[in-house]
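Chain residues, written in single-letter form:
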Amino acid sequence: MAYQGFIPGRFPEKELKQTRTMEIAPDIWMIEGYLSMNFFLKPPSSNCFIMRDKDMVLLIDTGTYPHYREKILKILNRYRKDGAKRLVLMLTQGHFDHVANNDVIMEAGYREVDFYLPEAEVSSIDLFGHWTGEYQELREYYDTFREMMPLAFPTGVVRIVNSISQNLADKMMASHLRKLFKGINTMAHTAKILPDDSRVTRKFGDVEFLGWEVGRFFAVHDATHSPGHLSFYDPEHKVFLTGDATLEINPPFLNSSLNNCIAMMKKFRQFAEQGFVRLATDAHRSKIWSSMLIDKTGEAPMSPLQMQDTFEGAEQCAAYYALWETYYQGMKDEVLGILKRRGEATVHQIIADFKSSKNPHARFKVLMKFPQLPSRLDVMVANVLRENNIPKKKDGSKIIFSYK
Ligand SMILES: [Fe+2]
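Each value, and the rule that gives it
- Residues numbered from 1 in each chain as written.
- Predicted model: local features only at pLDDT ≥ 70, side-chain atom pairs only at ≥ 80, totals over all residues.
- Heavy atoms only, no water.
- Helix = DSSP H or I, 4+ residues; strand = E, 2+ residues; numbered from the N terminus.
- Buried < 20%, exposed > 50% of the residue type's maximum accessible area, 1.4 Å probe, protein only.
- Salt bridge = Lys/Arg side-chain N within 4 Å of Asp/Glu carboxyl O.
- Donors = N, O, S within 2.8 Å, 3.2 Å for Na, K, Ca; no water.
- Tetrahedral: all angles 85-135°; square planar, octahedral: opposite > 155°, others 65-115°.

Q: Honestly, the side chain of Thr-310 in this entry has me stumped. Any pointers?
A: By the secondary structure assignment, Thr-310 is in the loop between α10 (287-297) and β14 (311-312). For Thr-310, a relative accessible area of 17% corresponds to the buried category.

Printed below as a string of structure tokens:
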């Protein structure tokens with residue numbers, strides 16, 4: 001079974017036909033994903049990558065729509081006929097837009113097939129459990145559906161129901177999520193789990209990463225966008241694929257880490273500055289879809305780099321990571337700055353101030369609205385409050401945070 005879609009079988013076929021398959025370096029393939037301004041009805045798909053090392057082929061992420069199965073199989077079949085024997089599936093993360101075609105590995109006809117999943121990502125790949133569990137956790141910070149759901153279709157219905165009965169709103173959201181994930185076989189039950197203590201350290205110049213060796217490639221455990229998030233490095237061609245670690249919508253979940261995003265971007269920048277990265281991209285870079293999104297929002301991007309498919313040369317790659325380093329740090333500083341000015345504030349008040357901020361990074365974050373895009377300002381604020389151990393107290397139904 002493959003992904004069914006929120007409305008079964010209604011896929012953005014015309015748009016998907018435009019997606020490109022590019023050999024970005026020798027035996028490193030990028031299959032372009034998909035982005036839209038309608039998260040529930042036309043969900044995004046990640047880019048998928050296929051890299052070969054001798055008789056092993058590494059598949060990274062499998063995308064959302066059945067469209068990607070054919071594209072993936074075409075390359076896998078070619079390598080199998082050319083003598084590759086072992087297929088390894090690894091994921092940048094367990095989110096649905098990266099895992100929906102994971103069962104394609106059973107169709108590729110390889111003699112040996114392995115799926116490796118970091119221990120830290122096991123909870124995220126339980127798609128339904130992760131999303132519904134998160135609402136419960138977020139309620140320790142604010143009235144989640146009130147902040148998250150704008151008063152428009154289909155989210156407004158959940159918000160209105162929530163103001164009458166949280167229980168009923170939860171049931172309604174659960175039914176939406178079942179539709180969103182319908183037909184997906186993540187193959188998680190077959191995964192070989194990589195425990196944290198099996199990670200090895202690799203040093204490049206004075207930059208150190210923890211992760212796992214996969215043939216000649218190195219899977220860097222950066223724990224940014226999700227707890228078990230991985231970025232993939234090919235030392236032979238100096239290619240670095242950073243998944244959703246370098247993404248406008250970070251941090252999208254409470255178990256994402258904005259602090260790790262900031263720390264890792266510094267490392268990635270230094271890694272590039274020291275000459276270890278010659279070609280970079282990530283799991284959602286695409287000049288066609290980025291231009292479409294920017295056109296629709298009617299605002300300029302933070303940097304023209306956001307509109308490229310790939311980045312070439314040490315200088316451009318370092319500039320790309322510096323962009324995210326500044327953006328993530330800018331958002332964190334803005335949230336803590338608001339709290340400092342107010343002394344005490346609820347998440348609702350911090351969001352209101354953040355929305356009127358003149359900080360260009362805050363302005364860019366505000367521009368991306370849920371559910372057009374899976375960017376959640378409310379979650380980002382809760383993430384900063386949680387990670388920086390901001391004290392909180394309850395006052396009736398209000399949860400108030402105070403600057404330390
Ligand atoms: Fe993604």
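Q: Just checking my understanding: could you explain the pattern of salt bridges for this structure?
A: Opposite charge on two side chains lets them pair, provided their charged atoms get close. Within this structure, the stated rule accounts for 22 salt bridges. For Arg-86, the salt bridge goes to Glu-112, with nearest N and O atoms at 3.4 Å. A residue pair is termed long-range when its members are at least 10 positions apart, and Arg-86 in strand β5 (residues 86-90) and Glu-112 in strand β6 (residues 112-118) qualify at 26 residues. For Arg-86, a relative accessible area of 23% gives the class partly exposed. For Glu-112, a relative accessible area of 42% gives the class partly exposed. For Asp-114, the salt bridge is made with Arg-86, and the minimal N-O distance between the two is 3.2 Å. You can see Asp-114 sitting in strand β6 and its partner Arg-86 sitting in strand β5, a full 28 residues away along the chain. Given a relative accessible area of 6%, Asp-114 falls into the buried group. Through salt bridges with shared partners, a single network forms among Arg-20, Glu-32, Lys-287 and Asp-309.

Q: Got a minute to help me understand the coordination of the iron ion in this structure?
A: Each donor-metal-donor angle would ideally measure 109.5 degrees in four-coordinate tetrahedral geometry, or 90 or 180 degrees in six-coordinate octahedral geometry. Around the iron ion, the protein contributes the donor atoms Asp-97 (OD), His-98 (NE2), Asp-244 (OD) and His-284 (NE2), which lie 2.1 to 2.6 Å from the metal centre. One way to put it: the 4 donor atoms around the iron ion meet at angles of 85 to 168°, and that makes the site irregular. Sequence positions of the donors to the iron ion reduce to the motif D-H-x145-D-x39-H. One exposure class covers both Asp-97 and His-98, and it is buried.

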